[in-house]
Amino acid sequence: MVSAVAARKTVSVLFCDLADSTALGERMDPEQLREVMGSWYEAMRSAVERHGGTVEKFVGDAVMAVFGLPRAHEDDALRAVRAALEMQAAVARLNGSLGDEVPGLRIRVGINTGEVVTGDETTTLVTGDAVNTAKRLEQGALGGQILIGAVTEQLVRHAARLEPVAAIEAKGKAAPVEAWHVLEAIAGAESFARRSDIPLVGRTSELAVLRDELAACADGRTCRLVTVIGAAGVGKTRLVSELVSALRAQVTVVGGRCLPYGDGITFWPLTELIRRLGGDEAVAEAMNDDADAALVVERLGVLGGRGTAPPEELFWAVRRLFEALARERPLLVILEDVHWAEPTLLDLVEHVSRWSRGSPIMLLCVARPELLEERPQWEGALVRLEPLSAGEATQLLDTLDIGGILSATLRARVAEVAQGNPLYTEQLFAMLAEEARAAAELVELPPTIQALLAARLDRLDPFERGVLERAAVIGKEFWPGAVAALGDGDEPLGTTLLSLVRREFVEPAVSSIPGEDGFRFRHALIRDATYAGIPKRTRADLHERFAAWLELHSRRDELRGYHLEQAYHYRDEFGSLDDHTRSLGAQAGELLTAAGRHALARDDVPAAVNLLERGVALLPRTSESRGFVLLDLAIALMRSGAFATAQGALEEALALARTGADRRLELRTLIEREFFRIFTNAPETTSEEITRVAEEAIPALEALGDDGGVARAWHLLSEPPVDACRWGERAAALERALEHARRAGDAREAAFVAADLMQAIQLGPTPVDAAIERAHLFLPEMQGNRLLTASILCSLAVLLAMRGQFPEARAEWARARMHWDELGMAHRRAVRSIDAASIELLAGDAATAELELRTGYDMLAEIGETHVRPTLAAYLAAVLAEEGSVADAEAFADFAQSNTWEDDIVTQAMWRIARARLLALGEPDTAERLAREAIALAAPTDFLELQAAALLALARVLRETESPQAGDVAAEAQAVYERKGNIVGAGWAAALAGASISAQE
Ligand SMILES: Nc1ncnc2c1ncn2[C@@H]1O[C@H](COP(=O)(O)OP(=O)(O)OP(=O)(O)O)[C@@H](O)[C@H]1O
Ligand SMILES: [Mg+2]
């Protein structure tokens, strides 16, 4: 099903044409020209094919070739560059053979790497912007030049000498095309740049295993075959090179590397091994006085291209050479990249290991797991190399990112993507560091990793690929039942999955859908790369079909919404915005908004914002639910602090309500708009306006039977009394809000209301005992919301302290504080340090009260808070004045006085109380005036603690001046404390009253 249809692939495209071909035509006989051109085409084709490319077409005197089709290789870009260099060499040879009368041919080459769409059965053409860019590069090249584009440059820069040239202005392209001129390829370079400068991380046990193997060879004078197996980039070569540098003094090391492609590569590793050893002479010397020396040299000569010999003869000669080399010291033979070895070479290795006797030889092969796919019976010991552990991966990243370029989030992303693969880690780091995107995000994978993944995927057969693609559409987790439902039902799903498991693409996993088996991709990168290869039309179709499957098998709206959303977007991208596409979008919108509302109800604000935003984008303009969804979105946005976006949603909801004459929507939006204005301190909010909106909404929404709306309206109506410190009034409104929220079944809103209500009860005239009872009733209703729980606990703590139960009070406060700390809500804790200080003052520990307030104050100062800080400063000044720290107290009183505003009653009263205390001795008149002002400020409120504190302040001033009124004023304070049930406060006041009276007597 899959192989014949179109696919998306990243390939390297090469264009080559003859420079000055018109001039050539003018100067040559047509017949001769034809012949020359024929040889030229042939030379070009053969260069392309020798490097594993395909000639797509010849047009006039241009050749277009593609590297990466039908199968991708990790080094396609490098293959293209090598092919281009070979083309140049071939042209030079051709020129040499043409004679002087023919003007010399010169070619221009352009190479570019990028995503293309490959043809299906009807067209084989490769199309995509990457092709056009390659063509532009070719046109921009001078005769004899090879120009490559930016992605190609990234892929080959470690393996070729390059020179940047001026960017090429290209017709029809927004930006000029960056280009590099290829000077030469570096012989023997690997497919990817690797680093050897980073200290080895981990791998101690693997190294120990290899040493033991070698020791066993040496001790038993036997030949052992050991293969290090591991995924690309996991660190096989590195491991072996560490082994070699540790053992070089004790063993003889020889080796060679298998090549991924090329002519006559079968014995290349041995040819390389002998060349590095020193050629024939070295072989002869090693064989020394062995009777077979001459024959061995002759047989091995075949590797250097001299003569021929049957394979068995060669095998024998290689074995004899190794034995000779192992005569004095153990011999370590390293064969790299054995997954690319030809079967004959593998046979040779097994032959040596089986037949060699009496010599300490370790044949150390290094291979990717593909080796075992090709050769399941591969002999000898296996050392499997797994990815680095999380700790080791962090250590590697630490060493790479010595300069600390990457942000913590980006480092976490790199770790997540690389999953312990050192090569991936290096490449991700290099890309991010180089592109100075260090502060940004990891959006795209480095092309090197993409190439590796694509090559791995292209090794799958069409069935396997098809299954994997359908699984990729389903997601990182998938279900065979769903994979089957997305297919044509004609493939053996079970065995295919098994083979994908064996080849480590996927693995069984715990299923999140009851009754369905679960699987997952071993690596998210594999899923992403597979998905990237699916044409968008197919993606749209598969997403839609999977959504249909989900409807029957799972209740997860969010997931189904996501798949319909994807189907909609891909169809839309193709301009097929027909009725069907629209209906997909509408369904997706409904599902996502439903999921968004659930998220909001469980207070998962980020998820709610995400889902509702996506949902709104998909809901048709005419959808009935749109207005209320916008309203929920606005609420979610406000809660997440995104006020600017919230405002837009509110405006749109209001406009919809008005055009649709939807009174309920209008009223509810108006209520939320007032909340919005309160949160943002908008100048247009006044108590009158808030009250008007709420009072208008309450009866209207009641008539409409909208309890949720009525609850919000009462909640709104509870706001104006806050500034006026009329806590009883606020509590009354919140009681109504609570009642309606409960009736509406909105437990979340009820919990929020209850938390606000509890604070109003704490501060207002409700007696302590009743208030404590309420706190205990509210606590179990907090829906597991720790922030609200902390708020209730904090109120409870203060109330307990008023009753003199200090250990209990402190314990509850500590619990509240633990919640804030765990939630990272330092701000909350700072704001409520006033409560902590109240508890400590009641307990008679002014020093701790001071510490609590200072901590809160410093926290707020650190984040530049200006709203609550003056209030904390005023309380702090009062405590410091009490303790006799005059200078500090004055400084904080100054701060409070000059940073607060007219109608902030609490702060205005508290700094006066503090100053009255400071001036009681020196300037009793001013002190008395200030204390009386504080009393006047507190009088219209029902904030009993504030009233009592102001009265006490006055009583103290009067006592210093030995005024006869002191006792009365203290008694008044006592009465206020008693009204609240603040036993401790009442005790202070009583003591002061008693003292004043006895002083009078
Ligand atoms: N344990 C390690 N500590 C530090 N760096 C490592 C470690 N393992 C590998 N590397 C680095 O990661 C990169 C990839 O490693 P290496 O070339 O050994 O991988 P490989 O398994 O041989 O891959 P391939 O299959 O492509 O040959 C190299 O730059 C290497 O230096
Ligand atoms: Mg390697």
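Here is a short report on the structure shown in this document. (Residues numbered from 1 in each chain as written. Chains lettered and ligands numbered in written order. Predicted model: local features only at pLDDT ≥ 70, side-chain atom pairs only at ≥ 80, totals over all residues. Heavy atoms only, no water.)

A few words on the environment of glutamate 464. In this structure, glutamate 464 sits in helix α18 (residues 462–474). Judged by relative accessible area, glutamate 464 falls into the buried class, the value being 7%. Each C-alpha atom of the pair glutamate 464 and glutamate 491 lies 9.3 Å from the other, and the pair is 27 residues apart in sequence. For glutamate 464, the side chain forms a polar contact with the side chain of serine 499, separated by 2.3 Å. (Helix = DSSP H or I, 4+ residues; strand = E, 2+ residues; numbered from the N terminus. Buried < 20%, exposed > 50% of the residue type's maximum accessible area, 1.4 Å probe, protein only. Polar contact = N/O pair within 3.5 Å; in protein donor to acceptor, adjacent residues only side chain to side chain.)

Turning our attention to the site of ligand 1. Taken together, 20 residues lie near ligand 1, and Arg195, Gly233, Lys236, Thr237 and Glu426 sit nearest. Backbone polar atom of valine 234 to an oxygen atom of ligand 1: 3.3 Å apart, as the coordinates give it. The contact in question runs from an oxygen atom of ligand 1 to an N or O atom on the side chain of glutamate 426, over 2.7 Å. For the shell around ligand 1, the elements supplying multiple residues, two or more each, are α7 (236–247) and α16 (422–434). (Near = heavy atom within 4 Å.)

The residue after leucine 69, namely proline 70, is reached through a cis peptide bond having omega -5°. Relative to the elements of secondary structure, proline 70 occurs in the loop between β3 (62–67) and α3 (76–98). Positive phi, close to 70°, is recorded for arginine 203, a residue that is not glycine. Within the fold, arginine 203 resides in the loop between β7 (177–185) and α6 (204–220). Given a relative accessible area of 8%, arginine 203 falls into the buried group. Phi is positive for alanine 661, which is not a glycine, with a value near 50°. Locating alanine 661 in the fold gives a position in the loop between α27 (643–659) and α28 (663–679). Since its relative accessible area comes to 67%, alanine 661 is described here as exposed.

Turning our eyes to something else, we now look at the sheet that holds strand β15 (residues 518–521). Pairing within the open sheet is antiparallel, and its 3 strands lie in the order β13-β15-β14. Pairing within the sheet leaves two strands with one partner each, and these edge strands are β13 (477–478) and β14 (506–509). Direction of pairing for β14 relative to β15: antiparallel, over a ladder of 4 bridges. Of the residues in β15, the one forming a bridge with proline 508 is phenylalanine 519. (Pairing = 2+ DSSP bridges.)

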